[in-house]
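Structural overview
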Amino acid sequence: MRGSLRAEAVHPDDYDHCIEIYTTAFDAREAFTMSYRLRRHDGEYRWLLDNGRPYYDDSGSFAGYFGSCIDITDMKRALDDKDVLLREVHHRVRNNMQLISSLLEMQSAMAAVPETKATLQDAAGRVRSIALAQMQLHGAESLSNVDLGEYLRSLVTAVGAMQTRIVFEVDVGHIPFSLDRAVPLGLIVNELLTNSLKHAFPNRETGTVRVEGRRAADGTVTITVSDDGVGLPSAELMDRARTLGYRLVKRLSGQVGAAISVERHDGTCHSIVLPPEAAG
């Protein structure tokens, strides 16, 4: 390796990554920053943050790098400990949500009044949606983002398992999404899915509900929930609705800054458009 770094002391798992960063920066005469493990004199590997800035002599010719290395081992260990703690918290939250959902479903099964049974089932579904987001976060590399595609697929699978006559289709790619927006969005989608189950196919044995999601080049995310059912009685239903589900959809949409529109054409299609997330 060109420069002052002792290549033989770099941890084998970090060596190729260091070489790639350094040689790319060297060839382009650009600054670089990289972290890696370096073996100390006593054999212990320590994490270093290595910064290099190009240096030019009086004639303007590239003459190498000015560099600095900072030992960040203790900082990295503290972050790793925090990460473990956060994962344990999210794990407990997920388990508690699943417990609450199960209790609500049990209460629903014992309810004698149909309206009470339906209300408890809806509440269980909403709690289940939050639990699924926590589950996705628990398995994610980042504790701040979830894979929106995996989250919505899990959500659709859970709703679809409630019955057998309706076919559910999902086409959502890998979209990293912050948890504070993923949970409200999941609740919105959950409401729209369950609404289709309840109202889109009153006189039919079969039907199809489809969820699609795309992120545009500018970062805008569009989620559509469509069905081939009987359609809404009015395109303005969401603005006039007094049901808890639609009121919840409207409130959650405002929480995440989403715009929702409804179209009626061979069924019903709800479009949820979310603006790009703020940087950082």
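Residues numbered from 1 in each chain as written. Predicted model: local features only at pLDDT ≥ 70, side-chain atom pairs only at ≥ 80, totals over all residues. Heavy atoms only, no water.

**Some thoughts on the side chain of N51**
Within the secondary structure layout, N51 lies in strand β2 (residues 45-56). Engagement of the side chain of N51 in a polar contact is seen with the side chain of T33, the distance being 2.8 Å. Residues within four places of N51 in sequence aside, it is in contact with F32, T33, F66, G67 and S68. (Helix = DSSP H or I, 4+ residues; strand = E, 2+ residues; numbered from the N terminus. Polar contact = N/O pair within 3.5 Å; in protein donor to acceptor, adjacent residues only side chain to side chain. Contact = heavy atoms within 4.5 Å.)

**Brief notes about the packing of helix α4 (residues 148-160) against helix α5 (residues 179-199)**
Following both chains from N to C, one finds α4 and α5 inclined at 30°, their axes separated by 10 Å at the closest point. Taken as axis vectors, α4 and α5 run roughly parallel relative to one another. By crossing handedness, the relation of α4 to α5 is classed as right-handed. Residues L148, Y151, L152, L155, V156 and V159 of α4 form the contact with α5, whose participating residues are A182, V183, L185, G186, V189, N190, L193, T194 and L197. Counted by class, the contact of α4 with α5 contains 12 nonpolar, 3 polar and no charged residues. (Axes fitted to C-alpha atoms, helices over the stretch in contact; angles between N-to-C directions. Parallel < 35°, antiparallel > 145°, perpendicular 65-115°, else oblique. Left-handed = near helix turned anticlockwise from the far one by under 90°. Nonpolar A, V, L, I, M, F, W, Y, C, P; charged D, E, K, R; others polar.)

**Structural notes on the sheet that holds β2**
Read from one edge of the open sheet, 3 strands run β1-β2-β3, paired in antiparallel fashion. Each edge of the open sheet carries a strand with a single partner, namely β1 (32-39) and β3 (62-71). Strand-to-strand, the axes of this sheet are offset by a mean angle of 30°, without reference to chain direction. The pairing of β2 with β3 spans 9 bridges and is classified as antiparallel. Counterpart to D50 in the pairing with β3 is C69. Across the face of the sheet, helix α1 (residues 12-28) comes into contact with β1, β2 and β3 while running at roughly 150° to β1. (Pairing = 2+ DSSP bridges.)

**Focus on α4**
Under the 1.5 Å per step criterion, the end-to-end length of α4 is 18 Å for 13 residues, consistent within 8% with the ideal 18 Å. The N-terminus of α4 is capped by D147, whose side-chain oxygen sits 3.0 Å from the backbone nitrogen of G149. (Expected span 1.5 Å × (residues − 1).)

**With respect to the packing of α5 against helix α7 (residues 244-256)**
Running from amino to carboxyl end, α5 crosses α7 at an angle of 155°, the nearest separation of the two axes being 9 Å. As far as their axial angle goes, α7 and α5 are roughly antiparallel. By crossing handedness, the relation of α5 to α7 is classed as left-handed. Judged by residue contacts, D180, R181, P184, L187, I188, E191, L192 and N195 of α5 engage G245, Y246, L248, V249, L252, S253, Q255 and V256 from α7. Here the residues of the contact of α5 with α7 sort into 9 nonpolar, 4 polar and 3 charged.

**Focus: the sheet that holds strand β5 (residues 166-172)**
A sheet is described by the order of its strands in space; here 5 strands give the open sequence β5-β7-β8-β10-β9, paired in mixed fashion. Because the sheet does not close on itself, it has two edges, and the strands there are β5 and β9 (259-264). Within the sheet, the average angular offset between the axes of one strand and its neighbour, ignoring direction, is 10°. Relative to strand β7 (residues 207-215), β5 runs parallel, the two being bridged by 7 bridges. Following the sheet pairing, D171 is matched in β7 by E212.

**Details of the nonpolar core**
Within the largest apolar cluster, 37 residues are counted, with the highest numbers of intra-cluster contacts made by L148, F177, V189, L193, I223 and I272. At the level of secondary structure, the elements contributing two or more residues to this core comprise α4, β5, α5, β7, β8 (221-227), α7 and β10 (268-274). Top contributing element to this core by residue count: α5, with 10 residues. Judged by nonpolar contacts, the second largest core, of 11 residues, contains C18, A25, F32 and L38. (Core = buried A, V, L, I, M, F, W, Y, C linked by side-chain atoms within 4.5 Å. Buried < 20%, exposed > 50% of the residue type's maximum accessible area, 1.4 Å probe, protein only.)

**With respect to unusual backbone geometry**
What you tend to see is this: most non-glycine residues have negative phi, and most peptide bonds are trans. Unusually for a residue other than glycine, R29 sits at a positive phi of about 60°. Locating R29 in the fold gives a position in the loop between α1 and β1.

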